[in-house]
Amino acid sequence: MKTIISNKSGAALEIANNVLYSFKVLMIGLVIPFMFAFGISYKMPKAKAESGVSISQPNSTQQQNTVDLGKVITEKNS
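Cut-offs applied
- Residues numbered from 1 in each chain as written.
- Predicted model: local features only at pLDDT ≥ 70, side-chain atom pairs only at ≥ 80, totals over all residues.
- Heavy atoms only, no water.
- Helix = DSSP H or I, 4+ residues; strand = E, 2+ residues; numbered from the N terminus.
- Buried < 20%, exposed > 50% of the residue type's maximum accessible area, 1.4 Å probe, protein only.
- Areas by Shrake-Rupley, 256 points an atom, 1.4 Å probe, with all protein chains shown as cover.
- Phe/Tyr/Trp six-rings, centres within 6.5 Å; stacked < 30°, edge-to-face > 60°.

K.L.:
Would you mind going over the overall build of the chain in detail, with residue names and values included?
P.N.:
Summing up its helical and strand segments, the chain has one helix and zero strands in all. Within the chain, the proportion of its 78 residues that are buried is 1%. Approximately 8,600 Å² of the chain is accessible, and the part contributed by carbon and sulfur atoms is 62%.

This is the structure we're talking about:
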């Protein structure tokens, strides 16, 4: 709904309010997504952490599993 303003100071105030409202909407639309992207990317690990990782072949002597699944373990102190 439009308002009818009879004096020039009221018209200037209405224009200032419209500009301020538009600025607020623009800031919310730009600042909140920017802050979200900045927040999730702040202090993320850099590529320097990759230099401490080394990949090598596993040892040829691997330990075999020693679990006997056929043996039933009874509960003690029941």
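K.L.:
Mind laying out the packing of aromatic side chains, listing which residues take part and the relevant values?
P.N.:
Taken as a whole and judged by the stated rule, the model has two aromatic pairs. Ring centres 6.3 Å apart and planes at 20° place the aromatic pair F34 and F38 in the stacked group. Of the two residues, F34 and F38 both sit in helix α1 (residues 8–41), four residues apart, roughly one turn of that helix. Residue classification places F38 among the partly exposed positions, given a relative accessible area of 43%. Considering the side-chain rings of F38 and Y42, the 5.4 Å spacing of their centres and the 40° angle between planes classify their relative orientation as tilted. What makes Y42 exposed here is its relative accessible area of 51%. Through successive ring pairs, a cluster of aromatic residues spans F34, F38 and Y42.

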